[in-house]
Amino acid sequence: MDGIHDMGGMHGFGAIAREAAEPVFHADWEGRALGLLLQAAEGMGFVDDHLRSRIERTPPDAYLRLSYYQLWIRALETLMIERGVAGAEEIAERVAATREGGRAPGGSDLSLDDMAAMVAAGASTKRPDAGVPPRFSVGERVRVRNDHPFHHTRAPRYTRGRVGEIVIDHGIFVFPDTNSEQQGEAPQHCYAVRFAARELWGPSAPPQDSLCVDLWDSYLEPA
Amino acid sequence: MADQHHHRHGEPESEMTLRVRAIEQLLAEKGLVDPTAIDRLVELYETRVGPHNGARVVARAWSDPAYKARLLENGTEAIAELGISGLQGENMVVVENTQAIHNVVVCTLCSCYPWPVLGLPPVWYKSPPYRSRVVREPRAVLAEFGMAVPAEQEVRVWDSSAEIRYMVLPQRPAEGEGLDEEALAALVTRDGMIGTAPV
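Let me begin by describing the structure that accompanies this report. (Residues numbered from 1 in each chain as written. Chains lettered and ligands numbered in written order. Predicted model: local features only at pLDDT ≥ 70, side-chain atom pairs only at ≥ 80, totals over all residues. Heavy atoms only, no water.)

1. Thoughts on helix α9 (residues 128-136) of chain B
Applied cut-off: The buried label goes to any residue with under 20% of its type's maximum accessible area, the exposed label to any with over 50%, and the partly exposed label to all in between, with areas taken from a 1.4 Å probe on protein chains only. Only DSSP runs of H or I reaching four residues or more are called helices, and only runs of E reaching two or more are called strands; each is numbered from the N terminus.
In terms of residue burial, α9(B) counts as a mostly covered element, since eight of its nine residues are buried. Those residues of α9(B) that fall on the buried side of the exposure criterion are B:Pro128, B:Pro129, B:Tyr130, B:Arg131, B:Ser132, B:Arg133, B:Val134 and B:Val135.

Below, the structure written as C-alpha cells:
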C-alpha cells in the first residue's frame, strides 16, 4: 500500500526534534499500551504483519498527527473489531464509562524474571526448515519489481524499479504481503540488497554512498 | 520539550489514559490479556532492556577479536552469548564502522529497532523527519546530530524493511586504549549503535 507510512525519501518534514534524557515512556499510558499490545498479540493471535497493515490504513492526516503508541492503540482497536473481540460501540461505551483509577484487576502472580524469560525467547518469523530454495545468490544484481499493491507490502516505494546487488541472504522468512492478509505465510528467502545512492536518488546523491534494504524473493527479478 | 511532546499528540493525554485503560479492561475481561503481565512488561523495558545491553556487546567486541569475528558472522548467536536475546532481536545483524564505511540504521516504513540491545526506540527514531530524510540525505542528518562524515568515507544506510534488526558496531575511540570492558561499555552511546554518533 502506497500510504503515508512509506516515507523514505519524502521531503518537507523538517528538522529532527531530539529530546535530551528521554524517558522510556512519556506517560503511564504509553507503557500500558506497549504491554497491552504484546499481551494482546499473544491472546488474540496476531503478529506484527497484521498490526502494521492496520496502522498503514490510518488516513494520512491522522497518521501524521498521532504518536506511534497512539497508532498502535488505534490499530489494536481495528483488530479487535475485525475479529469480533469487541464492537466499535462497545469500545466507545467502555471508554466513556472509564474513569481514572478504574484499573483492570491483576490476573496472575507472574514475576519479572518469568516475564524476562518469556520476552527473551522472542517470536521469530524465520522459517529455516521451510526448505524453499533461494532464487538469487550473493553478488547477483537484481531489480525490484515495479509493483504497487493495495495491500500491505515491505518493499519501500523508493526501491521499486531500481537495481541493486544482493549482499546478504538472510534465510527464509514469513512473507508479509500474504501473511498480513490471512493468505498464508508463503515463506521465502529475504535478502539485503545494496543500492548505490545515485541509483535511488539521481545525480544529486554522493557517488560513494549506498543504501541496504531487506527485500523478499517475490519483490525481485533478475537485472 | 514537554510542550512539543504534548503538541504532537492528537488527543490530550488523559483521554489516551482512559482509552488504553478501557481497552485493557475489555481484553482482560475476555481473558485475552493479563494485567499483571502488562505490569511486568513495563517494568522490564524500564529497568532491564536498554542500550546498556548493546554497550556490553560493543565493549566485548572491542576487547576480544575472536568475539568480534563471531559477532559480525552471526550477530544473533554472538549477542546471545552475553545472555541477550528476545522480541525484536530474534534475527540480528551487526554492521561494523570502519575508516572506509559509516553505517546508520533506520526503519522508513514503521519503527523497527533492535529492542534487546537498544531498548525501545526514542521518539525521533520513529518520527517522519528521521525516517524520510536519513535515506535521502544521510550526511545532512548526521551533521544535525553533530557528525561530519568525511567525503572519503562511504555512508551506508540500512533500512530495516524486514524482520532483521541491525546494530552498528562503532569504531573503538582512541580514549578506549587500555580500558577494561566495563569502562569501554561506558563510552558507548545508544546513538553510536544506531549510527547517528561516532561512538
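2. Side note on the sheet that holds strand β4 (residues 210-216) of chain A
Strand pairing within a sheet occurs via backbone hydrogen bonds; the two strands may be parallel or antiparallel. This is how the line gets drawn: Strands are treated as partners if at least two bridges between them are detected by DSSP. Every axis corresponds to a line fitted to the C-alpha atoms, with the helix fit spanning only the stretch in contact, and the corresponding angles, defined between N-to-C directions, vary from 0 to 180 degrees. Contacts are assigned to residue pairs that have any heavy atoms within 4.5 Å of one another.
Strand order in this open sheet of seven strands is β5(A)-β1(A)-β2(A)-β3(A)-β4(A)-β3(B)-β2(B), and the pairing throughout is mixed. The sheet terminates laterally at β5 (220-222) of chain A together with β2 (101-106) of chain B, the two strands that pair on one side only. Strand-to-strand twist in this sheet, taken as the mean axis angle between neighbours without regard to direction, amounts to 35 degrees. Here strand β1 (residues 141-144) of chain A runs beside strand β2 (residues 163-173) of chain A; their pairing, made up of three bridges, is antiparallel. Within the sheet, the bridge partner assigned to A:Arg141 lies in β2(A) and is A:Glu165. Here α9(B) sits on the sheet and contacts β4 of chain A together with β2 and β3 (154-159) of chain B; the angle it forms with β2(B), its principal contact strand, is near 150 degrees.

3. Quick notes on the interface of chain B and chain A
A common way to state how big an interface is: give the accessible area lost once the parts meet. Selection criterion: Here the buried area means the combined drop in accessible surface, using a 1.4 Å probe, for two parts upon being joined, counting both sides. By definition, a salt bridge exists where a carboxyl oxygen of Asp or Glu is found within 4 Å of a side-chain nitrogen of Lys or Arg. Here a polar contact is recorded for every N or O atom pair within 3.5 Å, except that within protein the pair must consist of a potential hydrogen donor and a potential acceptor, and residues adjacent in sequence are included only if both atoms are side-chain atoms. Ten residues, namely Ala, Val, Leu, Ile, Met, Phe, Trp, Tyr, Cys and Pro, are considered nonpolar, four, namely Asp, Glu, Lys and Arg, are considered charged, and the remaining ones, Gly among them, are considered polar.
The interface is formed by 88 residues belonging to chain B together with 99 residues belonging to chain A. In total, about 8,600 Å² of surface goes out of reach between chain B and chain A, with carbon and sulfur atoms giving 60% of it. For the interface between chain B and chain A, the tally reads nine salt bridges. Between A:Arg32 and B:Asp39 there is a salt bridge, with its nearest N and O atoms 2.5 Å apart. Scanning the region where chain B abuts chain A turns up 42 residue pairs in polar contact (both at pLDDT 80 or more). Listed by contribution, the elements that provide at least two residues to the side of chain B that touches chain A are α1 (2-8), α2 (13-29), α3 (35-47), α8 (123-126), α9, α10 (138-144), β3 and β4 (165-169) of chain B. A per-element tally of the side of chain B that touches chain A places α2(B) first, with 16 residues. Its residues assigned to classes, the side of chain B that touches chain A comprises 42 nonpolar, 19 polar and 27 charged.

4. Brief notes about the pattern of salt bridges
Overall, the coordinates contain 29 salt bridges over all chains when judged by the stated rule. Of the charged contacts in the structure, one is a salt bridge between A:Asp2 and A:Arg160, with a shortest N-O distance of 2.7 Å. Note that A:Asp2 is positioned in the segment before α1 (28-44) and A:Arg160 in the loop between β1 and β2, a separation of 158 residues in sequence. Here the salt bridges share partners, and the residues they tie into one network are A:Asp48, A:Asp49, A:Arg52, B:Glu163 and B:Arg165.

5. Considering the pairing of β4(A)
The buried fraction of β4(A) is high, at seven of seven residues. Examined bridge by bridge, strand β3 (residues 188-196) of chain A and β4(A) share seven bridges and lie antiparallel to one another. When the bridges of β4(A) are listed, A:Phe195 appears paired with A:Leu211. Summarising the sheet, β4(A) and β3(B) pair through four bridges and their orientation is parallel. Bridging from a neighbouring strand, A:Leu211 pairs with B:Val157 of β3(B).

6. Digging into the environment of A:Val138
Residues and elements named next belong to chain A. Note that valine 138 resides in the loop between α6 (112-121) and β1. On the basis of relative accessible area, valine 138 is assigned to the exposed category, the value being 53%. The sequence separation of valine 138 and valine 193 amounts to 55 residues, and the corresponding C-alpha distance is 9.1 Å. Setting aside its immediate chain neighbours within four residues, valine 138 contacts Ile166, Val167, Ile168 and Asp169.

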